[in-house]
Amino acid sequence: MQWLEDVLRRGWHSHRPAVEVLTAAGVVARTLSYADLLAAAAGLAADLTAIVSHHQLRVLIVAANSPEHIVADLATTIAGAVTTALSPGSDEAEMRHTAAGVDVVLCDPDGMVTVNRLGLDRPIRTVDCAGRPAGDAPELAGDSDDARKLVVCPNAEGELALPCGAIDEVLRAVRLRAPTGVWRRYLCLTPLHTLTEQVFVYLTLQHRGTVRLNSSATVNLANAEATAAQLTAPVAEALEAVLTRRPELDGEDLCQVLFGAPTAPYLVCFDPLAPTAELAARGVPVHRGFAVDGVYPLTLAAQGAPGPGVGEPLSHIWLKVGENGELMVKSKSKLIIPWRPAEDGWLRLGIQGDVDPTGRIHIA
């Protein structure tokens, strides 16, 4: 878990802002420094390791996009737990099923409201972001395949499993495609329980940037100062609305209205409905991505790539075309998709596509 070692080494005594919470008007209402974030995570990790001794700890995080969610996620990784995260608005049957196999449920205030309503028969704990007196940085559990993330995939047949140590491969692959300095500030708008969103949060923390969270269901992009990478999926409608209302805007003027800054941000888009072509044509750099079941990044297309289903495979995966034109994937990150049949390590994606002679993927 090199990414987490980097975060602990560089941030343990740092008072740089690690997490900022924005109001709906885009004003910073709450800040958590690296020192406070990591002290809270380390303290929670120490408490978690004392819960069970006869088997590996299993944790469910039920939290919105909040500092508590990030603290809980870091803590379970430090503790070497098997971790699943769900948003408070997740399907209730799915939440009950997931909670049935865990040792403890970690919640932020929004998550606690949901969990209390469901009456889950599990130990429940509200995450505290108050930092403890800083001693030495904690020792990590190691890069064993046992410590892993279980990501619940919408519209799929189960959970996608990824060893925590192998997340380094995903981070490295995405970082190779990103412009220098892009992780200085990251506006987090997609739910944190998705792996793609976690990847961008981890990259930001690894590079001592600031993760910005919105404290309400909506955020005024014009005041959000989003000058770093963003996943655009949840704001596709907002972008469309601005473009419809102000069709004359382009270049710096469009970026000023959308993001509160004239410097065009770098947009990473995993949403096929987002107006990526029009944004790019108007001077907003957009790189298009494709992910397995919306949570595991496979490709990131270069700026200006033609077509919504075209992309270059990230460096941690190999893709090939199987029988009947079905795409198959093999991954350095030891990706486990239980509901996808595997052949010699190659997983069937259930997606039709092609790989051209240059190695670019074309999704049918």
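This text gives an overview of the structure that appears in the document. Every value quoted in this text rests on a predicted model; they were computed, and no experiment measured them.

**A few points about the pairing of strand β4 (residues 82-86)**
- Of all the 5 residues making up β4, 5 are buried; the element is thus mostly covered by neighbouring parts of the structure.
- The alternating pattern of β4 places Val82, Thr84 and Leu86 and Thr83 and Ala85 on opposite faces, both of which are buried.
- Sheet topology note: the strand β3 (residues 58-62)/β4 ladder contains 5 bridges and is parallel. Its bridge partner lying in β4, Val59 is registered against Thr83.
- Following the backbone out of β3, through helix α3 (residues 67-78) and into the adjacent parallel β4, one traces a crossover that is right-handed.
- Where β4 and strand β7 (residues 148-152) come together, 2 bridges link them in parallel fashion. Paired with Thr83 across the strands is Lys149, a residue of β7.

**Description of helix α4 (residues 92-99)**
- Looking at α4, one finds that the buried residues are Met95, Thr98 and Ala99. Burial along α4 is one-sided: seen end-on, the buried residues are contained in an arc of 95°. Exposed positions of α4 whose direction lies more than 90 degrees from the buried face are Ala93 and His97.
- With a side-chain oxygen positioned 3.2 Å from the backbone nitrogen of Ala93, the residue opening α4 is Asp91.

**Considering the sheet that holds β4**
- Pairing is mixed across the open sheet formed by 6 strands, whose spatial order is β6-β5-β3-β4-β7-β8. Both edges of this open sheet fall to β6 (124-126) and β8 (159-163), since each of them pairs with a single strand only. Adjacent strand axes in the sheet meet at a mean angle of 25°, parallel and antiparallel pairs treated alike.
- Packed onto the sheet, α3 meets β3, β4, β5 (104-107) and β7 and runs at close to 170° relative to β3.

**Topic: the sheet that holds strand β10 (residues 210-214)**
- A sheet is described by the order of its strands in space; here 4 strands give the open sequence β2-β1-β10-β9, paired in mixed fashion. Looking at strand neighbours, the two that pair on one side only are β2 (28-33) and β9 (185-188), the edges of this open sheet. Direction aside, neighbouring strands of the sheet carry axes that sit 20° apart on average.
- In this sheet, β10 lies alongside strand β1 (residues 17-22) in parallel orientation, the contact comprising 4 bridges.

**Concerning the side chain of Asp168**
- Within the element layout of this structure, Asp168 appears in helix α6 (residues 167-177).
- This buried residue, Asp168, is left without a salt bridge; Arg172 holds the nearest opposite charge, at 5.5 Å.
- Ignoring anything within four residues of it in the chain, the contact list for Asp168 reads Met1, Gln2 and Trp3.

Each value, and the rule that gives it
Residues numbered from 1 in each chain as written. Predicted model: local features only at pLDDT ≥ 70, side-chain atom pairs only at ≥ 80, totals over all residues. Heavy atoms only, no water. Buried < 20%, exposed > 50% of the residue type's maximum accessible area, 1.4 Å probe, protein only. Helix = DSSP H or I, 4+ residues; strand = E, 2+ residues; numbered from the N terminus. Pairing = 2+ DSSP bridges. Right-handed = clockwise from strand over helix to strand, strands pointing away. Arc of directions from axis to C-beta. Polar contact = N/O pair within 3.5 Å; in protein donor to acceptor, adjacent residues only side chain to side chain. Axes fitted to C-alpha atoms, helices over the stretch in contact; angles between N-to-C directions. Contact = heavy atoms within 4.5 Å. Lys, Arg positive; Asp, Glu negative; His and termini not counted. Salt bridge = Lys/Arg side-chain N within 4 Å of Asp/Glu carboxyl O.

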